[in-house]
Structure formats: structure tokens, C-alpha cells
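Chain by chain, the residues:
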Amino acid sequence: MLHGAILPKLLRFAVPLTLSTMLQLLFNAADVVVVGRWAGDNSLAAVGSNTSLIALLTNMFLGLSIGANILAARYFGAHEDEELSKTVHTSILLSLYSGVFLTVVGILGARTILIWMQCPANVLDLATLYLRIYFAGMTATMLYNFGAALLRASGDTQRPLYYLFASGVVNVILNLVFVIYFHMDVAGVALATVISQCISAALVVRCLVKETGPLRLDFRQLKIYPIKLKQIMQVGIPAGIQGMLFSLANVTVQSSINSFDDTVLVAGSSASSSVENFVYANVNAFYQANTAFTSQNFGAGNYKRILKVRHTAVAAGVLSTSLLGWLAILFGHQLLGIYSTSPDVVQAGMLRMWFLLILYGLDALMDVQVGSMRGI
């Protein structure tokens, strides 16, 4: 990250990260696809109505993982091994605390929050069941995201991709088995997701334990170092708040759609939202790449290179995201048809996709540049 041509290295970092994020999205997308095709529109609406709510409840803590990534990258670039080790152990313990907190909030508050969101009465019970089971695995989700953030700080985006691929395959297989064979409906897809998240978390923890450098995780040294926690919070809390604000907007939109009390509209919007998330994975990849490159160069004192990194990351992010958005619209009927065989559901989804994705490159123009500011 500190020397040589920027674009090839940026792509080597961003492309595996895009694929990793897409695989992570497959956890929820596989749930939506399986219940949409084998359990019906009510189950599809129940799972889909949770998407924006899950993002709202988790984004604050995922923002903290960004703080851990930036701090670790800075120390990695500066070759401050002792400080990097303290960051690793603080981050992992913080992820455990965050996961337990989210599990308690998600399980106890699921039904109440869904009622606030005007979740249709005919899918409320199914949506509540899905949300409670999903949040039972939130500790594993947080552990994977913090662990992967630490690996990416050193430029390693490939091993998190492999771990997600392995757990993603398990998720899809279990979805099909639980729903088609055991007829478990939304409970089956939620349980499959939790099991998959535990697998990815176990793999990334095993990787950190087997590291030989300053990224090595030693359970005996798990400790919250107050200075490191403060530094993670200084970057992570604003990042989390930004994510929560966008999620709050999405929750407001979802509540408005729910208020129509039309299962077809809710299902179509849910399928479209899932496709949109795959396009956003590219935005997030170039944002994180820009953040990591900027943080390492900041730690190494290469200040002039930071501006070149920003220009390259923003241009690549805008062009690739615009292309993905247009392709999603072009093949929209086929993509939405994966989620539901209902023509009305597909038509409702296409309406949302046209409005959202035609200028989606502007999202990359905004978000990728934020990576430069966070990186310093």
C-alpha cells in the first residue's frame, strides 16, 4: 500500500472485498430467495421486512469495526507492533461485548420494534420469529466483522473471502434442507444463517490465533486497553452514526411501504432492496480500500500519496458502481425472478430499482471520499 502503482493494488484489495461483502449478503439473500420460492410471499415479506431493521441495529457496532481497521492499519504502516497487538485484543473483546448486547436487544425488543415499523399484521409473527433467531447469532457476526477488519488492515482481503465462501455454501445448503425437507419456513432460514455466521467467525478467529506477527490473537491477553478503546471510538462512533442515519432513512421507507398493508409491495421492495445491497457492496469495498490505503500511508508519513489514493479510489468506485447499477436494471426482471415467481412482485421490485440504481454511482462519489477523511 505504501509504494508503486496504486490502481492495480487498489483493485487487488477491493475486488476480494466486494466478493466478500456479496457473500455476506448471500446470507440474507439466500433466506429471501428460499422462502420466496418455497414458502410463499408472506414468508418473503416477513424476512424482507427485517432487512433495514437489522442494518439499523447493527451499523453502530459495525462502525466500531471500521475504527479498529483504521487504527490497526495505522500501526501496521508505522511498524508499531506493540500498539497493533493492543488494538487486536481490544477489538476482539469489544466485538464480543457488542454481540452480546445486540443479541439481548434483538431478542427482547423484536416484536415491539416491528410493530413500531408498522409490519403487516399477517406477517408479524413470522417476522418476529426470524428476527429473534437471527440476533441469537449476532455475537458470531460481530466477531467475524472485527476479525476480518483486522486482517484487512494488513492488506489481507483474500482469507476473509475464503471463510465467507465456505460458510456461504453451508448457509445455502442448510436453507434448502431446513425449508424444503423439514418445512421450517422462516425459522429454518434464520437458523441456517446463524450456523453459517458461527462457522465464519470460528475460521477468522482460528486464523488470528495462528498468526505469527503482531496480528496474533492470544486469548490470555484479551483486555480492553482504555486508550485503544478511545481511539477506536473516535473513528468508529461517527462511522456508526452515519450508517445508522442511512439505515434510519431506510427504516422510514420500509415503514411507509409496510403501511400500505400490501404483501406484494412489501415483497417486491424487499427483493429490490436485496439486489441494491449487492451493488452497494462495490461502494463499500472501494471505501474500505481507500480507508486502509490512507491509514497505512498516514502511519508511514506518506502524505502526498494519500491524495493520489483518493483520486484513484473515487474514480474506480464511481465507474464500477455505475456499471453495476445499470447492469442490475438491465437484467432486473431476471434478478428479481430469482426471489419470486410472482409477476406482480417482480414489477413492484423493478419500480424501486429504476429510481434507486440509475444514478447509484453518486453514492460511490460520496462514500469513497469519506474513506480518505476517516483514514487520517
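Higher on the page you've got the structure.
In this text the structure is predicted, and so the values were computed from the model without any measurement.

Visitor: Sorry, what's going on with the pattern of salt bridges here?
Guide: When their charged atoms lie close together, side chains carrying opposite charge are able to pair. Summed over all chains, the structure comprises eight salt bridges. For glutamate 82, the salt bridge identified is with lysine 86, shortest N-O distance 3.8 Å. Of this pair, glutamate 82 and lysine 86 both sit in helix α4 (residues 81-116), four residues apart, which is roughly one turn of the helix. For glutamate 82, a relative accessible area of 56% corresponds to the exposed category. In this structure, arginine 216 and aspartate 218 form a salt bridge, with 4.0 Å as the shortest nitrogen-oxygen distance.

Visitor: What is the right way to read a nonpolar patch on the surface from this model?
Guide: Taken together, the side chains of Leu323, Trp326, Leu327, Leu330, Phe331, Trp354, Ile358, Leu359, Leu362 and Leu365 present a nonpolar region at the surface, about 1000 Å² in accessible area. Sorting the residues of the nonpolar patch by element identifies α11 (303-330) and α14 (361-375) as the ones contributing at least two each. With four residues, the top contributor of residues to the nonpolar patch is α11. The exposure class assigned to leucine 359 is exposed, which follows from its relative accessible area of 58%.

Visitor: Hey, could you run me through the environment of serine 247 in this one?
Guide: Mapped onto the secondary structure, serine 247 falls in helix α9 (residues 226-259). A C-alpha to C-alpha distance of 4.9 Å links serine 247 and leucine 56, two positions 191 residues apart in sequence.

Visitor: Quick question: what am I supposed to make of the packing of α11 against helix α12 (residues 332-339) here?
Guide: For any two helices packed against each other, the geometry is given by the interaxial angle and the distance between the axes. Interhelical geometry of α11 versus α12 gives an angle of 75° and a closest axis separation of 4 Å. Taken as axis vectors, α11 and α12 run roughly perpendicular relative to one another. Residues Ala328, Ile329 and Leu330 of α11 touch α12, and the partners they reach there are Gly332, Gln334 and Leu335. When its residues are assigned to classes, the contact of α11 with α12 shows four nonpolar, two polar and no charged.

Visitor: For this particular structure, what's the right way to read the environment of valine 209?
Guide: Considering the arrangement of structural elements, one finds valine 209 in helix α8 (residues 185-210). On a C-alpha basis, the gap between valine 209 and phenylalanine 219 in space is 8.3 Å, while along the polypeptide they are ten residues apart. In contact with valine 209, not counting residues within four places along its chain, are Arg216, Leu217 and Phe219.

Visitor: Just to check I follow, could you spell out the nonpolar core for this structure?
Guide: One recurring pattern in soluble globular proteins is that nonpolar side chains are buried together. If you look at the biggest cluster of nonpolar residues, it comprises 99 residues, and the most contacted ones within it are Tyr130 and Phe135. Within the second largest apolar cluster, six residues are counted, among which are Ile70, Val235, Ala239 and Val370.

What counts, and where the lines are drawn
Each residue is numbered by its place in its chain's sequence as written, counting from 1. The model is predicted, so local features are restricted to residues of pLDDT at least 70 and side-chain atom pairs to those at 80 or more, both for listing and for counting; the totals for chains, interfaces and linings are taken over all residues. In computing side-chain values, all of the structure's heavy atoms are included and hydrogens and water are not. By definition, a salt bridge exists where a carboxyl oxygen of Asp or Glu is found within 4 Å of a side-chain nitrogen of Lys or Arg. Every helix listed is a DSSP run of H or I at least four residues long, and every strand listed is a run of E at least two residues long, numbered separately from the N terminus. Partly exposed describes any residue whose relative accessible area lies between the buried limit of under 20% and the exposed limit of over 50%, with all areas from a 1.4 Å probe on protein chains only and scaled to the type maximum. For patches, a residue must show more than 30% relative accessible area and have no salt bridge; joins then use 9 Å for like charges and 5 Å for nonpolar side chains, namely Val, Leu, Ile, Met, Phe, Trp and Tyr. Throughout, the Shrake-Rupley method with a 1.4 Å probe supplies accessible areas, and for residues the shown protein chains are the sole cover considered. Note on geometry: axes are lines fitted to C-alpha atoms, helical ones only across the stretch in contact, with angles between N-to-C directions running from 0 to 180 degrees. Throughout this description, any angle smaller than 35 degrees is read as roughly parallel, any larger than 145 degrees as roughly antiparallel, any in the 65 to 115 degree range as roughly perpendicular, and the remainder as oblique. Note on contacts: a residue pair is in contact if any heavy atoms of the two residues lie within 4.5 Å. Classification convention: Asp, Glu, Lys, Arg as charged; Ala, Val, Leu, Ile, Met, Phe, Trp, Tyr, Cys, Pro as nonpolar; all other residues, Gly among them, as polar. Here, nonpolar core refers to any group of buried Ala, Val, Leu, Ile, Met, Phe, Trp, Tyr and Cys residues whose side-chain atoms link them within 4.5 Å.

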